[in-house]
Amino acid sequence: MAHSVEFFPPKNAAGEERLREAITALLPLDPEYASVTFGAGGSTRERTFATVTMIRQDYDLEAVPHLSCIGSTEAGIREILEDYRKQGIRRIVALRGDLPEGMENPGHFQHAADLVAFIRHFGGFEVYVAGYPDIHPRATSARNDVMHLAAKVRAGADAIITQYFFNPDAYLQLRDELQREGVEVPLVVGVMPITNFEQISRFSAMCGADIPQYLRRRMDAYAADPQSQYQLGIELLSRQCQLLLREGAPSLHFYTLNQAEATAAIWRNLGF
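Chains are numbered independently. Their residues run from 1 in the order of the written sequence. Local features in this predicted model are restricted to residues of pLDDT 70 or higher, and side-chain atom pairs are both shown and tallied only at a pLDDT of 80 or more, whereas totals for entire chains, interfaces and linings draw on every residue. Remark: hydrogens and water are excluded; side-chain values derive from all non-hydrogen atoms of the structure.

*Asks:* Explanation requested: helix H7 (residues 197–207) in the structure shown.
*Replies:* Within an α-helix, residues lying three or four positions from one another point in the same direction, as the helix has 3.6 residues per turn. Each residue gets one of three labels from its accessible area relative to the maximum for its type: buried under 20%, exposed over 50%, partly exposed in between, using a 1.4 Å probe on protein chains only. A run of H or I in DSSP counts as a helix once it spans at least four residues, and a run of E counts as a strand once it spans at least two, with each numbered from the N terminus. Restricting attention to buried positions, one finds in H7 the residues Phe 197, Ile 200, Ser 201, Ser 204 and Cys 207. When H7 is viewed along its axis, its buried side chains cluster within an angular range of 140 degrees and face the same direction. Facing away from the buried side of H7 by over 90 degrees, the exposed positions are Glu 198, Ala 205 and Met 206. Contacts are residue-level and defined by heavy atoms, with any inter-residue pair within 4.5 Å sufficient. The elements touched by buried residues of H7 are helix H8 (213–221) and helix H9 (226–246). Here a polar contact is taken to be a pair of N or O atoms separated by no more than 3.5 Å, where protein atoms must pair a possible hydrogen donor with a possible acceptor and residues adjacent in sequence count only if both atoms sit in side chains. Its side-chain oxygen placed 3.2 Å from the backbone nitrogen of Glu 198, Asn 196 serves as the N-cap of H7. In the stretch just after H7, Gly 208 is the one whose phi turns positive, near 85 degrees. The directions considered for the arc are those from the helix axis to the C-beta atoms.

So, in structure tokens, the structure goes:
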């Protein structure tokens, strides 16, 4: 069973050094690939390209770039795909993305399914898409969210990587609903190690990831003890991953936040 990690492009030399330290620490775990995020409207385009190149050339690790289509033109997306194909990139994570502040025109691609179909027609790539066990924050209903995800798969997606979540039942429910829709592609578990609970709380409020009351109250009990919060997070996420792997989850994708320690600790707990 192969598992993977995600990094974001560093903004400066200090950030690149931290990223390199994280990659070096995680390489012995033998991740299948490392995905690299891409800002909406191409706001991190050049840094994404540079990070993808660095990971592939300096560490001999497959890099899988994110590609966000919101605010993009058809010609712009084609140019990026041509560049990636020349580099030998084999996989892409296709996302709609959020419209940058101040930008009103969403561009040529209205939905992630449009981007998936475009990449599939372009040819030469495996395409991964995002799924939301806790339901996308802009979805009009849970049913609507599942149908949009199924549409991305029917447009040509090869696998789904979930947003992180802290309730295993949310993943299992999404899996079962997709199966009822005839969707059989792998549903990869997105894992967010809790290295800083205050930070994770902010992220979760923005992306719609639910923090169950039992987790929030236990973290609150250790508010003055970050190390105990950290250890509790490792224990809870390790248990969640074990449960989902027993339930047949195909693999795990770790959102590292360019840090290695927590991801490595969970990986070791799972006995990989």
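Structure shown, so let's carry the discussion forward.
*Asks:* Would you mind going over the sheet that holds strand S6 (residues 159–162) with me for this structure?
*Replies:* Note: strands within a sheet are paired through backbone hydrogen bonds, in either parallel or antiparallel orientation. Read once around its circumference, the closed barrel built from 8 strands follows the order S1-S2-S3-S4-S5-S6-S7-S8, with strand pairing classed as parallel. The mean angle between the axes of side-by-side strands here comes to 30 degrees, regardless of whether they run parallel or antiparallel. Only when DSSP finds a minimum of two bridges between them are two strands counted as paired. Here 2 bridges tie S6 to strand S7 (residues 187–191), and the two strands are oriented parallel to one another. Each residue of the ladder has a partner; that of Ile 160, found in S7, is Leu 187. Its contacts with the sheet place helix H4 (residues 112–122) against strand S3 (63–68), strand S4 (91–95) and strand S5 (126–131), and it is angled at close to 150 degrees to S4. Under this scheme, a helix contributes an axis fitted over its contacting stretch, all axes are lines through C-alpha atoms, and angles between N-to-C directions fall in the 0 to 180 degree range. Along the sheet face, helix H6 (residues 168–180) touches S6 and S7 and points at about 160 degrees away from the line of S7.

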